[in-house]
Amino acid sequence: HNDFRQQVESVAALAKAQATAPLDLAIVLPTLNERDNIAPMVERLEKALGPAGWEAVFVDDNSHDGTAEEARRIGRSDPRIRVIQRIGRRGLASAAIEGMCATAAPYVAVMDADHQHDPALLVDMLAAVKSGEADLAYASRFAVGGNADGLSSKGREKGSKVANALARKLTGTELTDAMSGFFLLRTDQLRKQAENLSGIGFKIMLDILATAQPRLKVKEFPLKFAERLAGESKLDHGVVLDFIAGLAERYFGKWLPTRFVLFGMVGGLGVFVHMAVLAAIYWPQTVAFGWAQAIATMVAMTFNFWLNNMLTYRDKKLGGADGMFWGWLKFCGACSVGAFANVAVATVLEEQGMLWWSAALVGVVIASVWNYALSSKFVWGR
Ligand code: GDD
Ligand code: MN
């Protein structure tokens, strides 16, 4: 009873405060297994921003530790706390974009939920954008007065610096920390550009700055990058892959979808695997060529399925024995039709007098496009 009464009272107090302070700022917090960080984060936001005028939007990719439920639990007695629970999707950048598009607040910030970013900075960041001093305010680990002490390893720190330098070269920006995940801007500015953002990788702020027309005025705030409070980093393993995917998107994205480029790269590796297996079992004359070829095809196809699942379709990754088995079966099905088309087209073209290697190349291209289209739709499509 007391509990219920307390809840009613706190909701009433909030409603009253909100009537005097309309919604001004939304803080978007992408989460993947951050349950124990949620309640302390809400507390710190309240401490930094006061009782009203803000909301927190947790965008959770269906964490298995109950992150979304923990945020909903708080949200039941605190309407400032909102949750978007995404099923079957992955990715820091796309989570941030979705969260930013889901608020009615005129200003929006994105920050990590693991306490490596200090919410106290939000106040000055908001003031800078509100006053027009900047179009985008962001927190930099490498600005004077900031530090990167919270980076989990020396290797990571080096990697971060290299990626930074590269990003600066590519985009021609003067930012000291182009990979920062802590920034604030006007929401209508974001909405204006949302269609042009890639949603791939984790360099979301860089993407916003690169696609803004006209260029945004940026102000840096030094950030003391803290250790994460609970849980572990999600970017340690994927960070390099994400960066490669981001670069591919930037260079080829205009002409070719990044997924197709990655699919093609995986296919190229598959050819190597195929030849290696063939050499290993056919060379010592252990089996007939037909069998060796069949085995090599199966191994290469399985390898390609696995790598595409890990890399090309990372954000739609199939899991569980059942999901993997059916996915693999469908992938093999798609690829056999592709292989058949490859052989048929190449043979006809060669008979028509086309040079053997260009006929083969046309066959390979047709098969790749076919395999890509089919597996995008039927293996990893939802
Ligand atoms: N929804 C969702 N989906 N959230 C995610 C995902 C995802 O696929 N991956 C990570 N997150 C969330 C985490 O739960 C955390 O709140 C935040 O995004 C940052 O993830 P971390 O795993 O803690 O990243 P980090 O600390 O290693 O990386 C930091 O440095 C990068 C540059 O070096 C972050 O600040 C990044 O934003 C930054 O780009
Ligand atoms: Mn972190």
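Cut-offs and rules
- Residues numbered from 1 in each chain as written.
- Chains lettered and ligands numbered in written order.
- Predicted model: local features only at pLDDT ≥ 70, side-chain atom pairs only at ≥ 80, totals over all residues.
- UniProt positions renumbered as here; feature names shortened; annotations may be inferred.
- Helix = DSSP H or I, 4+ residues; strand = E, 2+ residues; numbered from the N terminus.
- Core = buried A, V, L, I, M, F, W, Y, C linked by C-beta atoms within 7 Å.
- Buried ≥ 20, exposed ≤ 12 C-beta atoms within 10 Å, placed from the backbone.
- Contact = placed C-beta atoms within 7 Å.

For the chain, an unreviewed UniProt entry supplies the name Dolichol monophosphate mannose synthase and the organism Aurantiacibacter marinus. In its Subcellular location (unreviewed entry) section, UniProt records this for the chain: "Membrane". Under the UniProt heading Sequence similarities (unreviewed entry), the entry covering the chain gives this text: "Belongs to the glycosyltransferase 2 family."

Participant: Can you explain the UniProt feature "domain: GtrA/DPMS transmembrane" (unreviewed entry) in the chain? Please cite residues and give values.
Facilitator: Cross-referencing UniProt, the feature "domain: GtrA/DPMS transmembrane" (unreviewed entry) maps to residues 263-380 in the present numbering. A distance of 12 Å separates the end C-alpha atoms of residues 263-380, which is 85% helix and 0% strand.

Participant: Hey, could you go over the nonpolar core for me, with residue numbers and the actual values?
Facilitator: Formed by 59 residues in total, the largest nonpolar core has its most connected members in Ile27, Val28, Ala109, Ala137, Phe183 and Leu184. When residues no more than four places from it in sequence are discounted, the contact partners of Phe183 are Ala109, Val110, Leu136, Ala137, Tyr138 and Met205. Ranked by size, the runner-up nonpolar core spans 8 residues in total, among them Ala300, Phe305, Ala334 and Cys335.

Participant: Before we move on, can you summarise the UniProt feature "transmembrane region" (unreviewed entry) in the chain with the specific residues and values?
Facilitator: UniProt records the feature "transmembrane region" (unreviewed entry) at residues 260-283, 289-307, 328-349 and 355-374, using the numbering of this structure. Annotation note: span residues 260-283, helix share 96%, strand share 0%, distance between end C-alpha atoms 34 Å.

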